[in-house]
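# Reading the structure
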Amino acid sequence: MKAFPHSLAWAMGLALSPAAMAQAALELDTVEVSASALGRSPREMAQPAEVLQGPDLMKRRGATLGETLDGLPGVHASDFGAGASRPMIRGLEGARVRVQSDGIETLDASTISPDHAVTIEPLLTERIEVLKGPATLLYGGGAIGGVVNVIDTKIPTAVPEKGYAGQLELRGNSVADEGAGAAGLTVGQDHFALRLEGAKRQANAYRIPGAEGDPRSDRQDGAYNDTDTGTLGASWIGDRGYLGLAYTQQRNRYGLLAHQHADCHTHGPRDWHCASHDDHDHDDDAGDDHDHDHDHDHAGVPYIDMEQKRWDLRGDLSDPLTGFELARLRVSHTNYEHREIEGGEAATTFNNDATEGRLELTHQPLFGWRGVLGGQVLNRDFEALGEEAYVPPTLTRNYGVFLLEEYRAGDWRYELGLRHEWQAIDARREPDSDHAGTSVSAGATWTFAPDYSLGFSLSRSQRLPTAEELYANGPHAATRTVELGNPDLDEETSYNADITLRKFVGRTQFSLSLYRNEVSDFIYAADTGHVVGGGYREVEYRQQDAVLTGAEGDVRVQVTEAFAVTVFGDHVRGKLKAGGDLPRIPADRLGVRLDQAFTPALDGQLEFYRVQRQDDLAAYETETGGYNMLGASLVYSGVLDETDYQVYLKGDNLLDAEARNHSSFIKDEVLLPGRNLTLGVRLSF
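This is a predicted model, so every value here is computed, not measured. (Residues numbered from 1 in each chain as written. Predicted model: local features only at pLDDT ≥ 70, side-chain atom pairs only at ≥ 80, totals over all residues. Heavy atoms only, no water.)

## Some details on the nonpolar core
Our working definition: Residues belong to one nonpolar core when they are buried, are Ala, Val, Leu, Ile, Met, Phe, Trp, Tyr or Cys, and are joined through side-chain atoms within 4.5 Å. The rule is simple: take the accessible area with a 1.4 Å probe, protein chains only, and divide by the maximum for that residue type; under 20% is buried, over 50% is exposed, in between is partly exposed. Counting from the N terminus, the helices are DSSP H or I runs at least four residues long and the strands are E runs at least two residues long. Contacts are assigned to residue pairs that have any heavy atoms within 4.5 Å of one another.
Among the nonpolar cores identified, the biggest contains 36 residues, and Tyr206, Leu257, Phe382 and Tyr471 are the most heavily contacted of them. Secondary-structure elements contributing two or more residues to this core are β15 (303-318), β18 (369-386), β20 (412-427) and α6 (467-471). With 3 residues, the top contributor of residues to this core is α6. Once you skip the residues sitting within four places of it in the chain, Phe382 turns out to touch Ile112, Phe350, Asn351, Asn352, Val391, Pro392, Pro393, Thr394 and Glu468.

Structure below.
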């Protein structure tokens, strides 16, 4: 039977009785979170999780992964203009939030610097899973903030019933004159299936609010984004599983906003001095980028020219060995390169050749315990060449083994986990580094009433320092800093406690979480207070004990069969135990969302939220004002012959508010986009 679109199925529920609607809501919430290893739904997990899919994902999709997820409770974006934006979870970012494609890291350079893009194309995603809080047991010690797991369709897992299945989506927006589209086709017969998909995005510099008069000054110079992605995948599919291989190539060009280059030189190993200069000739057409040429050197703004080639091998096999239910294999290899173009020349080149693999085995119940054991390996060869080669070439090897077990007794589900990993980093002309870390966790979910659950989790997680934290030594134009690493850094250890109350059936549903994350030897880039010249400041990687506390959640009330109200919000506070605040912690956020089904095929949404002023500041950090955001959307769903379709219209920042993202390194120079309308259509056949 052909699956109905999510919004159409929901709208059809208007004719159902309240009891039937409650049952439908229960069924919708049973979606499995593949990143949980044991395939649990969010309501069964001790750890809070969000799943974004169907029309909800379609409406939220942005040009980047960070933009797509920004607004989920506890999730923000550390954006760097139109082309680069990583998700932040509970105030943590970078290497502490693992972004992965079906269990394997993206293997790009996005954790190294905030101006480096995540190589995920939102238009080609089927589902996005967000695990909030430490997820180090399955995926590594770096993920003490959480995991974003992107599920795609590049490798077929089943032969289409009709022999073929496809999707097509086209969209455009007003704020950046963006045109974007994606298409995918799966064909198959007997035990073989082939997948071909691709996406293209071209967007000019986006318009900013508050500008009047000269039409050339109403855009954020350099905030453009051109992306091309193509994939070819194939699978052999049998009665007990599948094995598939896919090749993906992505090309991305986007502007480097507020990029302030300086001439820097050193008088000693850690004694840097910089002097500013104007690298670029600003012609008379500055800011007028309607003639979007392919040199992408708009107004002399530097830009990144990135290319990633990626191979993915995936396979699942049921009953692989006596005593085991499932074996799951994931292996990926990437060749990644991006060049930072300044004045028409490549000033800095980043290369990252990486391979990661993991094998999971799910064993059958043993004395009532069911679980997953497995291993993971990573090999990462990274180098930076040119003016901003502030990190020496490094070879990182990481190995991990893990075990996760669950036990059910009545209304209780218990979970225990253990992981140990080893890491060795070989650095050119620097002392080598060897670290090891052990992570343990315990959790329980109590379904104390038919419609309610209470989740508890306690964890001790260790994150091993990255090559950048250990060995950085030089200027970094994106953040306008001279970064000084510390090869004597130790592992950082997170002690996290989390409690989540959920109601998942009925006219009122909610998920409310409280957490406290104490981190011993927290590694952070401390501003030393030393101005080295040229607008650059000196930062040094240090370790101090820190604590992050917060709350997040949403409450949805189905007021009538056609109308629902949701209140949502989040709060996080990050402090050093010795005194002072952590940098770039997101401001508090509180909002309300109204959902209205006008007809069985047409539903709409209106959303308003307030982001508060952020004045809990780290040393030398500047305050960020609060702002209001208003958005709206309409989705019409239907069936034409055997093709499902959705036509959608959404508006963002309808108040044209001047807004700055406190978590962004460039928030004092760069505004978020102004009023925007997006029109799109999606077909599934």
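Text resumes after the structure shown.
## A word on a negative patch on the surface
Worth spelling out the cut-off: The patch calculation keeps residues exceeding 30% relative accessible area without a salt bridge and links them within 9 Å when they carry like charges or within 5 Å when they are nonpolar (Val, Leu, Ile, Met, Phe, Trp, Tyr). For the area figures, the Shrake-Rupley method with a 1.4 Å probe applies, and any residue is considered shielded solely by the protein chains shown. We count a salt bridge whenever a side-chain nitrogen from Lys or Arg sits within 4 Å of a carboxyl oxygen from Asp or Glu. Positive charges are assigned to Lys and Arg, negative charges to Asp and Glu, while His and the chain termini are left out of the count. To locate a charge, take atom NZ for lysine, CZ for arginine, CG for aspartate or CD for glutamate.
Taken together, the side chains of Asp488, Asp490, Asp521 and Asp545 present a region of like negative charge at the surface. As for its position among the elements, Asp545 is in strand β27 (residues 536-558).

## Thoughts on the environment of Ala223
Relative to the elements of secondary structure, Ala223 occurs in the loop between β10 (192-203) and β11 (225-238). Once residues lying within four places of it in the same chain are set aside, the contact partners of Ala223 are Ala82, Asn204, Ala205, Tyr206 and Leu257.

## Looking at the pairing of strand β33 (residues 676-684)
Under the convention used in this document: Should DSSP find at least two bridges between two strands, the strands are taken to pair.
Of the strand pairs in this sheet, strand β8 (residues 164-173) and β33 are connected by 7 bridges, and their pairing is antiparallel. When the bridges of β33 are listed, Arg171 appears paired with Gly680.

## Points about the state of the cysteines
For clarity, the threshold we go by: The rule for a disulfide is simple: a pair of cysteine sulfur atoms within 2.5 Å.
With the rule as written, the count across this model stands at 1 disulfide. Put simply, Cys264 and Cys274 are joined by a disulfide, and their sulfur atoms are 2.1 Å apart. Looking down the S-S bond of the Cys264 and Cys274 bridge, the torsion is 110°, so its handedness is right-handed. Highlighted residues: Cys264 in strand β13 (residues 262-268) and Cys274 in strand β14 (residues 271-276), separated in sequence by 10 residues.

## Some thoughts on the sheet that holds strand β1 (residues 49-53)
As summarised here, the arrangement of the 5 strands in space is β1-β6-β7-β4-β5, forming an open sheet in which the pairing is mixed. Edge strands, defined here as strands with exactly one partner in the open sheet, are β1 and β5 (104-105). Pairing of β1 with strand β6 (residues 125-132) involves 5 bridges; the strand directions are antiparallel. Residue pairing in the sheet places Leu52 in a bridge with Ile128 of β6.

## A closer look at the pattern of salt bridges
Taken as a whole and assessed by the stated rule, the structure comprises 54 salt bridges. A salt bridge links Arg589 to Asp70, with the shortest nitrogen-to-oxygen separation between them at 3.3 Å. Taken together, the residues Arg589 in strand β29 (residues 589-597) and Asp70 in the loop between α4 (65-69) and β2 (75-79) connect sequence positions 519 residues apart. Relative accessible area serves as the criterion here: at 6%, Arg589 is assigned to the buried category. Put simply, Lys132 and Glu552 hold a salt bridge, and the shortest N to O gap is 3.4 Å. Of this pair, Lys132 sits in strand β6 while Glu552 sits in strand β27; the two residues are 420 residues apart in sequence, bridging distant segments of the chain. A relative accessible area of 5% means that Glu552 is categorised as buried.

## A short note on the confidence of the model for the protein
For any part of a model where pLDDT is low, the fine detail of the predicted coordinates should not be relied upon. Keep this limit in mind: The predictor attaches a confidence to each residue, and that confidence, scored 0 to 100, is pLDDT.
Per-residue pLDDT for the protein averages 89, and the proportion of residues at 70 or more is 91%. Across the protein, the element-wise mean pLDDT spans from 33 in helix α1 (residues 6-12) up to 98 in β29. Taken together, the stretch residues 1-28 has pLDDT below 50 and engages in 43 contacts with residues farther than four places along the chain or on a different chain. The low-confidence segment residues 279-297 (pLDDT under 50) makes 45 contacts with residues lying over four places distant or belonging to another chain.

## What about the packing of aromatic side chains?
How we decide: Here is the rule: rings of Phe, Tyr and Trp (six-membered ring for Trp) pair when centre to centre is within 6.5 Å. Planes less than 30 degrees apart are stacked, more than 60 are edge-to-face, and the remainder are tilted.
As enumerated under the stated definition, the model contains 11 aromatic pairs in all. Between Trp369 and Tyr407 the ring centres are 5.2 Å apart and the planes differ by 35°, which places this aromatic pair in the tilted class. Taken together, the residues Trp369 in strand β18 and Tyr407 in strand β19 (residues 394-409) connect sequence positions 38 residues apart. Classification of Trp369 as partly exposed rests on a relative accessible area of 28%. Ring pairs connect the aromatic residues Trp412, Tyr414, Trp446, Phe448, Tyr452 and Phe510, which therefore count as one cluster.

## Description of unusual backbone geometry
Positive phi is not limited to glycine here, since Asp190 has a value of about 55°. Here Asp190 shows up in the loop between β9 (179-189) and β10. Despite not being glycine, Asp521 has its phi angle at roughly 55°, a positive value. Topologically, Asp521 is positioned in strand β26 (residues 508-533).

## A word on the environment of Phe568
Relative to the helices and strands, Phe568 resides in strand β28 (residues 563-576). Phe568 sits in the buried class, given a relative accessible area of 4%. Counting along the chain gives 15 residues from Phe568 to Gly553, while the straight-line C-alpha distance between them is 5.8 Å. Setting aside residues up to four positions removed in sequence, Phe568 forms contacts with Gly71, Gly553, Asp554, Arg589, Leu590, Gly591, Val592, Arg593, Glu607, Phe608 and Tyr609.

## A short note on the side chain of Glu406
Put simply, the rule reads: The term polar contact refers here to a pair of N or O atoms within 3.5 Å; inside protein, the definition further demands a hydrogen-donor-capable atom paired with an acceptor-capable atom, and it admits residues adjacent in sequence only when both atoms are side-chain atoms.
Of note, Glu406 is situated in strand β19. For Glu406, the side chain forms a polar contact with the side chain of Arg413, separated by 2.6 Å. Ignoring anything within four residues of it in the chain, the contact list for Glu406 reads Leu38, Arg40, Gly368, Trp369, Arg370, Arg413, Tyr414 and Glu415.

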